[in-house]
Each structure stands twice: as structure tokens, then as C-alpha cells.
Amino acid sequence: MKLEYPMKRNGMYLLKKKDFDDIAALVLSNYMPRVLEYPKPLDIESLAQDEFYLDIRYDNIEPDGRILGMMAFADTEYYSRGYSAERGAIELAEGTMLIDYSLCGKDNRARRRYTQAHELSHWICHRGYHSPTNQQYEFRRNRYVACRTENIESYRRNDFSERTDNDWEEWQADSLAAALLMPKKTFVEAVETLFREYGVRRYLLPGRDNKIARDIISEVARTFDTSYRATQIRMIHLGFIARD
Ligand SMILES: [Zn+2]
């Protein structure tokens, strides 16, 4: 699957907010069409492993839990900054998705799923950018991307002016992750059904509709197996919750 979008000379795609819904629809209709039939959770592990042939592994990446996930674009190794040198490197084969051990367990299911979708999104969007054989310039990029806690599932204001390529990369991975886990078509369907049930006309207004908003967001989050926060952000982006 190749993305047909404009690219900077260094291999970084130039993507707009609305592109991610299209890319997610393309990926899902190609590989997991049934998830688009009605609102339901995406089997993100199966999408990554069975369709993109990625290897999902778990390890303690950094002792402070600062890095939640990594994606290796070529065979490489990662030396943790926080562990002693005796620990040695974590070997990463091309196509390895490394998820921090802190995300294991039932309580972290939604954040783990989001991180997996975020890492898969790096694979989909940034493989060319990081590939050592694909680079036209001498500047060598890391063979992996390491994703910090603050970059995953965050809600940023639209300050695009001072973004580095790395910021763009993280923003793109986060945007595509949300669009994969909460595809626009079925997400809109789910929210509109609940709006009808709860008698909400067009959108929720913070302050006025707090109680209803909490109930609706929780129910949508259950439907897609996503966190409350990620679901709320998706609803804001799609205009179902007014920005305050
Ligand atoms: Zn990332």
C-alpha cells in the first residue's frame, strides 16, 4: 500500500488533518473491511501482525516510563539512557514494534491499543523517511522512532509554526492512530445514535452538558475500546463537542 500524498524532499509526507480519515479508511477497507460495517473495536494487534507483518514485543524501555513505544524501520539496537550499561542493548529487527511493559495488563488496555496504533501509523507514514536505503541525502536519521509519553494521546492546540520534523511525525502518528481506532464513518454513526437517545441536537457544550457528555464519551469509548481522553479528543476534532 503506497500513500499518494505530497512529500517534502526529505521523505516526510505533507498531510493535513482531514487526510488521516482518508488514509485510515484506505487501510481499513483494504485490510480489515469488516470493522467498517458498524461501530466496534479494531483488532489493532491483528492488523499490525497479520496484515503489516510487524512483530509486537514488550520490554522495559526506560526506567522512568518516559518512552511508551518504539518502531524499528531497519535492524538496529536501542541503548536505554536510564538503565546501566550492563543491561546492554535491546535488539530490534526491522518491523519490530516495541511497547513498554508499563502498558501491559487489563487496566492499561486502552492506552496500549492507542500506542500500538500510533506505532503502526509510524510504519505506514514514516517508513520511507527513516529507511536507510531510501535516503537521498547524507543526513542519517534514526533507524527507529522512540515515542514519548507526552506525544501520545495528547491534545495540542493548532500551533504549527514551530514544529520540527519530529513534531510533525508524532502529530501524524497520533492523528492516524485516532482515525484507525475510531474510523470517522462508524464513529459518527455511534455518536449520532447516542445523541438521538440523549436528545442532544448537534453538539455538546462544555459547562452545560457535562453530565451527559461524560455518559456519552464513556459509552463511545466502550464501543471502540479506546480511552476516555482519546475518545473525547476525537469528538472535539469531529465537532461533536464545542471547543471552550
Ligand atoms: Zn511516535
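Data block above holds the structure.
The text that follows walks through the structure, step by step, so that each part is easy to find. On a predicted model such as this, the values are computed, not experimentally measured, just so you know.

Analysis parameters
- Residues numbered from 1 in each chain as written.
- Predicted model: local features only at pLDDT ≥ 70, side-chain atom pairs only at ≥ 80, totals over all residues.
- Heavy atoms only, no water.
- Helix = DSSP H or I, 4+ residues; strand = E, 2+ residues; numbered from the N terminus.
- Rg over C-alpha atoms; globule rule 2.2 N^0.38 Å.
- Buried < 20%, exposed > 50% of the residue type's maximum accessible area, 1.4 Å probe, protein only.
- Contact = heavy atoms within 4.5 Å.
- Areas by Shrake-Rupley, 256 points an atom, 1.4 Å probe, with all protein chains shown as cover.
- Lys, Arg positive; Asp, Glu negative; His and termini not counted.
- Charge placed at Lys NZ, Arg CZ, Asp CG, Glu CD.
- Pairing = 2+ DSSP bridges.
- Axes fitted to C-alpha atoms, helices over the stretch in contact; angles between N-to-C directions.
- Donors = N, O, S within 2.8 Å, 3.2 Å for Na, K, Ca; no water.
- Bend = angle between axes of the 7 residues up to and from the residue.
- Core = buried A, V, L, I, M, F, W, Y, C linked by side-chain atoms within 4.5 Å.
- Domains from an automatic or database assignment.
- Polar contact = N/O pair within 3.5 Å; in protein donor to acceptor, adjacent residues only side chain to side chain.

### Considering the overall build of the protein chain
- Scanning the protein chain for helices and strands turns up seven helices and six strands.
- Reading the protein chain from its N end, one meets helices and strands in the order α-α-β-β-β-β-β-α-β-α-α-α-α.
- Scaling as 2.2 N^0.38, a compact globule of 244 residues should have a C-alpha radius of gyration of about 18 Å, and the protein chain matches this with 18 Å.
- Along the first, second and third principal axes, the C-alpha atoms of the protein chain reach 60 × 40 × 35 Å.
- Burial status across the protein chain gives 48% buried among its 244 residues.
- Taking contacts inside the protein chain between residues at least 6 apart in sequence as the whole, the part at least 24 apart equals 66%.
- Summed over all atoms, the accessible surface of the protein chain reaches about 12800 Å², with 47% contributed by carbon and sulfur.
- Charge separation in the protein chain, taken as the distance between the mean sites of 37 positive and 39 negative side-chain charges, equals 6 Å.

### Concerning the sheet that holds strand β5 (residues 96–100)
- Spatial strand order, β1-β5-β2-β6: four strands in an open sheet with mixed pairing. Both outer strands of the open sheet, β1 (55–59) and β6 (144–148), are each paired with one neighbouring strand and no more. Across this sheet, the average inter-strand angle for adjacent strands is 20°, counted without regard to direction.
- Across five bridges, β1 lies against β5 in parallel orientation. Within β5, the position partnered with R57 by the bridge is L98.

### Side note on the coordination of the zinc ion
- Of the protein atoms, only H118 (NE2), H122 (NE2), C147 (SG), E170 (OE) and E170 (OE) coordinate the zinc ion, at distances of 2.0 to 2.6 Å.
- Mapped onto the polypeptide sequence, the residues donating to the zinc ion form the spacing pattern H-x3-H-x24-C-x22-E. Here H118, found in helix α3 (residues 109–130), pairs with C147, found in strand β6; they are 29 residues apart in sequence, far enough to count as distant. With respect to class, H118 is no different from C147; both count as buried.

### Remarks on α3
- Roughly 50° is the biggest bend found in α3, and it falls at I124.
- Summarising burial for α3: 18 of the 22 residues are buried, a large majority.

### Some thoughts on the nonpolar core
- Among the nonpolar cores identified, the biggest contains 57 residues, and L42, L47, L120 and M235 are the most heavily contacted of them.
- At seven residues, helix α4 (residues 165–181) tops the list of elements feeding residues into this core.
- Structurally, this core is a two-domain feature, drawing no fewer than three residues from each of domain 1 (19–181) and domain 2 (185–237).
- Setting aside residues up to four positions removed in sequence, L120 forms contacts with I44, L47, A48, F52, L54, M97 and L180.
- With nine residues, the next largest nonpolar core counts I67, M70, A72 and Y78 among its residues.

### Digging into the side chain of S227
- Tracing the chain through its elements places S227 in the loop between α6 (210–224) and α7 (228–237).
- S227 sits in the buried class, given a relative accessible area of 12%.
- A distance of 3.0 Å separates the side chain of S227 from the backbone nitrogen of A230, its partner in a polar contact.

### Some thoughts on helix α2 (residues 44–51)
- I44, S46, L47 and A48 are the residues of α2 that are buried.
- Where α2 is buried, its residues meet α1 (19–31), β1, β5, α3 and α4.
- Residue Y53 follows α2 closely and has a positive phi angle near 55°.

### A few points about unusual backbone geometry
- Positive phi, close to 55°, is recorded for Y53, a residue that is not glycine.
- By secondary structure assignment, the location of Y53 is in the loop between α2 and β1.
- Overall, the relative accessible area of 67% leaves Y53 in the exposed class.
- One non-glycine residue, D225, lies in positive phi territory at about 55°.
- Of note, D225 is situated in the loop between α6 and α7.

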